[in-house]
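Structural characterization, general
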Amino acid sequence: MLEAYGFLHGSDGNSFASVFAEFDKTARRGWAHDNQEVMTGVCCFGAPVRFSDGRGSKVVASVSISVPCAQVGAKKRRAEQVVALGDKITRMLSNPQCEDYPAEISVNQGVPGQP
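This section reports on the structure supplied with the text. This one's a predicted model, so the numbers in the text were calculated from it and none came from an experiment.

**Observations regarding helix 2 (residues 16-29)**
Counting along an α-helix, one turn takes 3.6 residues, and residues three or four places apart therefore face a common direction. For helix 2, spanning 14 residues, the distance from its first C-alpha to its last is 20 Å, which sits close to the expected 20 Å at 1.5 Å a residue. Phi turns positive, to about 90°, at G30, one or two residues after helix 2.

**Things to note about the side chain of T90**
With respect to the helices, strands and loops of the structure, T90 is situated in helix 3 (residues 75-94). If we ignore the near neighbours within four places in the chain, the residues touching T90 are P48, V49 and R50.

**A word on the sheet that holds strand 2 (residues 42-52)**
Sheet strands pair by backbone hydrogen bonding; their relative direction is either parallel or antiparallel. Sheet architecture is open: three strands sit in the order 1-2-3, paired in antiparallel fashion. In this open sheet, the two strands that pair with only one neighbour each are strand 1 (32-35) and strand 3 (57-68). For this sheet the average axis-to-axis angle between neighbouring strands, irrespective of direction, equals 20°. Against the sheet, helix 3 touches strand 1, strand 2 and strand 3, its axis set at about 25° to strand 2.

Here is what the cut-offs are and how they apply
Residues numbered from 1 in each chain as written. Predicted model: local features only at pLDDT ≥ 70, side-chain atom pairs only at ≥ 80, totals over all residues. Heavy atoms only, no water. Helix = DSSP H or I, 4+ residues; strand = E, 2+ residues; numbered from the N terminus. Expected span 1.5 Å × (residues − 1). Contact = heavy atoms within 4.5 Å. Pairing = 2+ DSSP bridges. Axes fitted to C-alpha atoms, helices over the stretch in contact; angles between N-to-C directions.

Written out as structure tokens, the structure reads:
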């Protein structure tokens, strides 16, 4: 993908090695941060959603929030919010009775609807 599209603007990396080093850093801390790399003025935070089948867990999706960089506030707080949401979805998916959870997640995040 990097060969096809090139490096993202705003990225502090200019080589494959620096990009893969950032991937490792993201995996270790458990969340990703996009500091205006896709769009100037927009910062994003992302975290994994996992599914556990009793034999282990694997990443099956991700969740993210995007905010104007001027409104990011404390970076750690935004990262904690998105990680908490990813963890909540992970717990819901691990529950065998999770069919009602998508609506509940939407309502809890301010989307109108019925849980």
